Amino acid sequence: MKDIVVNFTLNGRQCKKLVPANKTLLRFLREDMYINSVKEGCNEGECGACTVLLDGHPVNSCLVLAAELEGKTVLTVEGLTDDDRLHPIQEAFIEAGAVQCGYCTPGMIMSAVACLNLYGHPTREQIRKEMEGNICRCTGYTRIADAILLSVEKMDAIVAEQGADVAFRGIDKNFVEKWNASYEVK
Amino acid sequence: MLNDFELFMPTDFNEACALKANGAKPVAGGTDVYVNMHGGKKEADQVVDIKNLAELKGTSYTAGQGLVLGALTSHRQIEEWDVIKKNYYAMFQGCSQVGSVQIRYRATLGGNIMNGAPSADSIGPMLVHDAVCVVKGPNGERKIPLDKFYTGFKKFDIQPDELLARIEIPDTPANAGSAYYKYMRRGAMDLALMGVSAYVELDENDVMSHVRIALTTAGPTPMRSYSAEAVLEGQKYSDEIIIAAAEAVASEGKPRSSWRSSAEFRVRLLHDVTIMVLHEAVKRAKAEDKAQPIKQVLYKGQQGLEERPKVQG
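Residues numbered from 1 in each chain as written. Chains lettered and ligands numbered in written order. Predicted model: local features only at pLDDT ≥ 70, side-chain atom pairs only at ≥ 80, totals over all residues. Heavy atoms only, no water.

Participant: Looking at this structure, I do not really get the packing of helix α3 (residues 105–118) of chain A against helix α5 (residues 141–162) of chain A. What am I missing?
Facilitator: Two quantities define a packed helix pair, namely the angle between the axes and the distance from one axis to the other. Residues and elements named next belong to chain A. In contact at an axis separation of 11 Å, α3 and α5 are set at 50 degrees when each is read in the N-to-C sense. With respect to α5, the element α3 is oriented oblique. Helix-helix and strand crossings are classified by hand; for α3 and α5 the assignment is right-handed. Only Tyr141, Ile144, Ile148, Ser151, Val152 and Met155 of α5 make contact with α3, whose side of the interface consists of Met108, Ala112 and Leu116. Class assignment of the residues belonging to the contact of α3 with α5 gives a composition of eight nonpolar, one polar and no charged. (Axes fitted to C-alpha atoms, helices over the stretch in contact; angles between N-to-C directions. Helix = DSSP H or I, 4+ residues; strand = E, 2+ residues; numbered from the N terminus. Parallel < 35°, antiparallel > 145°, perpendicular 65-115°, else oblique. Left-handed = near helix turned anticlockwise from the far one by under 90°. Contact = heavy atoms within 4.5 Å. Nonpolar A, V, L, I, M, F, W, Y, C, P; charged D, E, K, R; others polar.)

Structure, rendered in structure tokens:
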């Protein structure tokens, strides 16, 4: 087995690592990068506890090889927090009581970020559809949807206070534009 | 940890073909292969990651000609594209119901075909939209209609040194409509217990033409139901003729019993789902705005997600 060198960005930090070919991104993040927010649930892409954003898109890190990371950007919950305050989504999860045992929460928050990239102001139905890949066995789904709706309110309030230039970590204002550029229509 | 394998990530197409001919397992999204590996199945000693091949990329639509979808096109790209909703609604319905959002970002259309599962959600809609597979090898390209591409359970008309490069789907006329229904027990992350897709073109006298019906999980591969298509072809749209077609579908489909459901239940589903899907396809063919969802009600009292009682929070 040959190890592979990968250069990538993890939570805004440039990294260079040697990884075995058969190591999944999940194991790599936990064991080599000490990113412990990423959880192993089913290890086969069903539960979403290992969700991270890869180049802005939510993926199950148990189904991604660490060797594929070359040139890619990875974002986990650790990368959402500013030095002095939590991300509005994290605050909303706490305030809405969306955390019970907490095992699914990091994956839920990353999927919530992805949802808010696609829909700036999602409806409850859109949230339920976008969060379909994350399972909460405490079944706190209603509060989780509440938390995402609350986080939108919080972010709107911050924008109203500080102006439209304020940036939230993980939220890409040009996401939809970039996405539409991937199609070619003649 | 996955079992031990050697990983290749070629950017040269011929190199990837040579590796595949040598026995390496081609992987794109990895949402089937790595899942099998996690389950303890040893897929291959060598894995070739084909995500970097330019020949398999690209997602384009040309009015009048149709879609050219690189084999690496993800289900999410199909789902979030207004062109698909407008002209190929069954494909939107199929691709948006695969796995979860996370899976759909990774899983590719080419992978859905080459995995060969009878329950593949994107294949039925592609069959009814008359998709053509373009396979490419060192000796050039071959075009094979998707319904001829499957030769048996997980068997394809493809040489060991060839890769599925892209899928071409013709454009749809303004009088066409298509629909897909996936019967599953929960709203997400479930395989199709039964699926039926349909495509019809309707003239001003309600006469149906170019009817195509495809069945998911009704045999060893996703399949067309030619006998039911023959029942409808050139006939005027009516309840009776749709029921006759559904009976033809139910006698042509050969589903098997599994722990998900019995064969008898699947045959019954084939009959009922076909009726609903054909009506939906005809309604969409008549509709002004083809991107509008039409409510899918298979049985009396069936609730959509939006109708479930809401808890106020």
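There is more to say, and it comes next.
Participant: How do you make sense of the side chain of A:Asn43 when you look at a structure like this?
Facilitator: Counting through the fold element by element, A:Asn43 comes out in the loop between α1 (25–32) and β3 (51–54). If near-sequence neighbours (up to four positions away) are discounted, A:Asn43 is found in contact with A:Leu26, A:Cys62 and B:His38.

Participant: Sorry, what's going on with the side chain of A:Thr9 here?
Facilitator: Of note, A:Thr9 is situated in strand β1 (residues 3–10). Residues contacting A:Thr9, with those up to four places away along its chain left out, are A:Gln14, A:Lys72, A:Thr73 and A:Val74.

Participant: Sorry if this is basic, but what is going on with the domain arrangement of chain B here?
Facilitator: How big an interface is tends to be stated in terms of accessible area lost as the parts join. Splitting chain B by domain gives domain 1 (8–49), domain 2 (54–170) and domain 3 (176–286). Summarising the inter-unit geometry, the C-alpha centres of domain 1 of chain B and domain 3 of chain B are found 35 Å apart. (Domains from an automatic or database assignment.)

Participant: Which parts of the structure should I look at to understand the state of the cysteines?
Facilitator: In a disulfide, the sulfur atoms of two cysteines are covalently bonded to one another. This model, assessed by the stated rule, comprises zero disulfides over all chains. Between A:Cys50, a free cysteine, and A:Cys62, which holds the nearest cysteine sulfur, the sulfur-to-sulfur gap is 3.7 Å. For A:Cys50, a relative accessible area of 3% translates into the label buried. With no disulfide of its own, B:Cys95 lies closest to B:Cys133 among cysteine sulfurs, the gap being 14 Å. (Disulfide = S-S within 2.5 Å. Buried < 20%, exposed > 50% of the residue type's maximum accessible area, 1.4 Å probe, protein only.)

Participant: Teacher, can you tell me more about the interface of chain B and chain A here?
Facilitator: Listed as interface residues are 43 residues of chain B and, on the opposing side, 43 residues of chain A. Carbon and sulfur atoms make up 57% of the area that chain B and chain A hide from each other, which totals about 3,800 Å². Of all residues in chain B, B:Met1, B:Gln102 and B:Tyr105 give up the largest surface area on contact with chain A, accounting jointly for 18% of the area buried on that side. Across the contact surface, chain B and chain A share four salt bridges. Among the salt bridges present, the one from B:Arg106 reaches A:Glu68, with a minimum N-O distance of 2.7 Å. Between the two partners, chain B and chain A, sit 16 residue pairs in polar contact (both at pLDDT 80 or more). Secondary structure elements with two or more residues in the side of chain B that touches chain A: α2 (33–38), β4 (59–62), α3 (75–79) and α6 (101–106) of chain B. Looking at which element gives the most residues to the side of chain B that touches chain A, the answer is α6(B), with six residues. Here the side of chain B that touches chain A is composed, by residue class, of 18 nonpolar, 15 polar and 10 charged. Relative to β4(B), strand β6 (residues 184–185) of chain A runs parallel, the two being bridged by two bridges. (Buried area = accessible area lost by both parts, 1.4 Å probe. Salt bridge = Lys/Arg side-chain N within 4 Å of Asp/Glu carboxyl O. Polar contact = N/O pair within 3.5 Å; in protein donor to acceptor, adjacent residues only side chain to side chain. Pairing = 2+ DSSP bridges.)

Participant: Hey, could you run me through the packing of aromatic side chains in this one?
Facilitator: To describe a pair of aromatic rings, one takes the distance between the centres and the angle between the planes. Tallied over the entire structure, the rule returns 10 aromatic pairs over all chains. Their ring planes at 90 degrees and their centres at 6.4 Å tell us that A:Trp179 and A:Tyr183 sit as a pair that is edge-to-face. With a relative accessible area of 10%, A:Trp179 lands in the buried category. Taking the relative accessible area as the measure of exposure, A:Tyr183 reaches 10% and is therefore buried. Their ring planes at 55 degrees and their centres at 5.4 Å tell us that B:Tyr89 and B:Phe92 sit as a pair that is tilted. (Phe/Tyr/Trp six-rings, centres within 6.5 Å; stacked < 30°, edge-to-face > 60°.)

Participant: I keep staring at α3(A) and nothing clicks. Help me out?
Facilitator: Three or four residues apart is the spacing at which side chains of an α-helix point the same way, because the helix has 3.6 residues per turn. Its 14 residues give α3(A) an end-to-end C-alpha distance of 20 Å, which sits within 8% of 20 Å, the value for a rise of 1.5 Å per residue. In terms of burial, α3(A) is largely enclosed, as 14 of its 14 residues are buried. (Expected span 1.5 Å × (residues − 1).)

Participant: Just to check I follow, could you spell out the environment of B:Ile243 for this structure?
Facilitator: Residues and elements named next belong to chain B. Following the sequence through the fold, Ile243 ends up in helix α11 (residues 239–252). Under the relative-accessibility criterion, Ile243 is labelled partly exposed at 37%. For the pair Ile243 and Ile275, spaced 32 residues apart in sequence, the C-alpha separation works out to 6.3 Å.

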